Amino acid sequence: MTEPLIYELSAPGRTGVKPPRLDVPEAELPDSMLRDDLPLPEVSEIDVVRHFVRLSQLNYAIDKGMYPLGSCTMKYNPKVNEVAARLPGFANLHPLQDESTVQGALYLMHTLQEYLKAIGGFAGVTLQPAAGAHGELTGVLMMRRYHQARGDMQRDTILVPDSSHGTNPASTSMSGLQVVQLPSDARGNVDLDALRAHANERVVGLMITNPNTLGLFEENIVEVVRIVHECGGLVYGDGANMNALMGVMRPGDVGIDVMHFNLHKTFSTPHGGGGPGSGPVGVAASLADYLPGPVVILDPEHSDDDHPYFTFYQPPQSIGPVKSFWGHFGVMVRAYTYIRMLGGAGLREAAEHAVLNANYLRSQLRDVYPIPYDRLCKHEFVAEGHFADAPDIRALDIGKRLIDFGVHPPTYYFPLIVHEALMIEPTETESRQTLDAYAAILRQIAEEARTQPDLLHEAPHSAPVRRLDEVTAARKPVLRYQRS
Ligand SMILES: *Cc1c(COP(=O)(O)O)cnc(C)c1O
């Protein structure tokens, strides 16, 4: 058991800091700033250190163990990324500095744009969006603008498969467009007949995730793109699953018109806990003029072979900025570092190992956990977290029981089209030993489901908090500690 948390550490007169000697003239503080009613804790340095270290150890993190949270690509964040992001020349920049003083940063942004263009097969890239969902909104706004600029005003609908991430319909609604949901077929692909039935002159475009959230490659992607283009629509690629494709397939090559990347997933920058992330958007040539500005370009007038000079460029029909200044620069530095460390061949190898690891784990579990679409998967697979002979065990019970073994649960109850879904994405950075250990735990839990179901129902037993009311916690969070 974890030791109980102690918050009341304050003792009158105890102190952990000695302020430096004053080197500016002393001034009176306004009375309104001097408040006796603030119960500031009086603690020593070691009290503070122990308190925060103890709190940090209650958290689970990729630096602690495997984190197979499907769809999230929780791969290891190499520490060299952090070293690069902390270089004073990057860390101490101010967004209002003159461009001539930040040429190194602009070089990095420009090069990252070029890398993402090469990885995705696109003609242009914006680095502004703050995360994947923000990239989706950006992309959908560009698609809408594209149709409007052609005088094609009646288009108001985005087609979204039923396996899609919730952000896809949400981004559509936020841009003022209608969502039409498309069913999946028996192999887990978009149902082509349903797509044909809805492909008409009202369609702004289709949003498609490939590999999709079942971890399956869309086998008919070429035909899907053809049908959408034929009705005048565009195809948005949700690039959250690029970890399966980088260096192997370029979405632009199959006709994807616009796609976001999640630097915090595919390109190994830290995430979880809400950010910051980064969701650059790549576009085909037909959409390049609508990119949010400014984008970084090489300024040929002020450059020569030895001295490239970079500047900002406002695309002529830009939808406008989607973020203040230039986006989350620190995340870009980390992603750039990751790409430079691996190189093109290394990125491809990472994708191949992500796919290999997911298929290995699937093969270790498929005789115990039902897998409804049981075919070669890409970077993740979706099993069912229930058993015919243990009917009152749910995916939630399995996930909570995993916590007792000191590992992180997979994503559960997503995608929505799988009953009691357990969505497992091991990523390429886990060794075979780690995968075997995780599979062994899941197999033991499947056994316990039959023999000791209450062990699962009451899990977690070892965590500092047991089962939470997660809905109330999200809707009515209590964010401030209150002394009892
Ligand atoms: C993570 C994810 C998103 C949203 O990306 P954020 O960076 O979390 O906003 C969209 N689609 C899929 C499939 C995802 O996994």
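Note that the structure is predicted; figures quoted are calculated from it, not measured.

Caption draft 1: Structural detail: the site of the ligand. The environment of the ligand is formed by 13 residues, the closest being S71, G132, D238, H264 and K265. N262 places a side-chain nitrogen or oxygen 3.0 Å from an oxygen atom of the ligand. The side chain of H264 places a nitrogen or oxygen atom 2.6 Å from an oxygen atom of the ligand. Considered on its own, the ligand offers 380 Å² of accessible surface; in the complex 87% of this is hidden by protein. Counting only elements with at least two residues in the shell around the ligand, the list comes to α5 (132-149) and α9 (263-266). Ranked by residue count, the leading element in the shell around the ligand is α5, at three residues. A breakdown of the residues in the shell around the ligand according to their chemical character gives three nonpolar, seven polar and three charged.

Caption draft 2: Quick peek at the nonpolar core. Core analysis: the biggest nonpolar cluster contains 53 residues, and L195, I256 and F267 have the highest contact counts within it. Looking at this core element by element, the count peaks at eleven residues for helix α10 (residues 329-365). Setting aside residues no more than four positions away along its own chain, F267 makes contact with L116, I119, M246, F261, N262, R334, A335, Y338, I339 and L347. V368, V382, F414 and A421 belong to the second largest nonpolar core, which has 37 residues in total.

Caption draft 3: Local environment of helix α8 (residues 221-230). Residues I221, V224, V225, I227 and V228 constitute the buried set of α8. Along the long axis of α8, the arc covered by the buried residues comes to 160 degrees, so they all point the same way. Every exposed residue of α8 that faces more than 90 degrees away from the buried side is listed here: V222 and E230. Where α8 is buried, its residues contact α7 (192-198), β4 (203-209) and β5 (234-238). In the segment just after α8, G232 is the residue with positive phi, at about 90 degrees.

Caption draft 4: Structural view of the pattern of salt bridges. Scanning all chains against the criterion turns up 28 salt bridges. A salt bridge links E223 to R226, with the nearest nitrogen and oxygen atoms 3.0 Å apart. Of the two residues, E223 and R226 are both situated in helix α8; the distance of three residues between them amounts to about one turn of the helix. A residue is classified by how much of its surface remains accessible, and E223, at 22% relative accessible area, is partly exposed. Through salt bridges that share partners, D193, R196, E223, R226 and E230 make up one connected network.

Rules used throughout
- Residues numbered from 1 in each chain as written.
- Predicted model: local features only at pLDDT ≥ 70, side-chain atom pairs only at ≥ 80, totals over all residues.
- Heavy atoms only, no water.
- Near = heavy atom within 4 Å.
- Polar contact = N/O pair within 3.5 Å; in protein donor to acceptor, adjacent residues only side chain to side chain.
- Areas by Shrake-Rupley, 256 points an atom, 1.4 Å probe, with all protein chains shown as cover.
- Helix = DSSP H or I, 4+ residues; strand = E, 2+ residues; numbered from the N terminus.
- Nonpolar A, V, L, I, M, F, W, Y, C, P; charged D, E, K, R; others polar.
- Core = buried A, V, L, I, M, F, W, Y, C linked by side-chain atoms within 4.5 Å.
- Buried < 20%, exposed > 50% of the residue type's maximum accessible area, 1.4 Å probe, protein only.
- Contact = heavy atoms within 4.5 Å.
- Arc of directions from axis to C-beta.
- Salt bridge = Lys/Arg side-chain N within 4 Å of Asp/Glu carboxyl O.

By themselves, these figures tell us nothing about what the structure is for.
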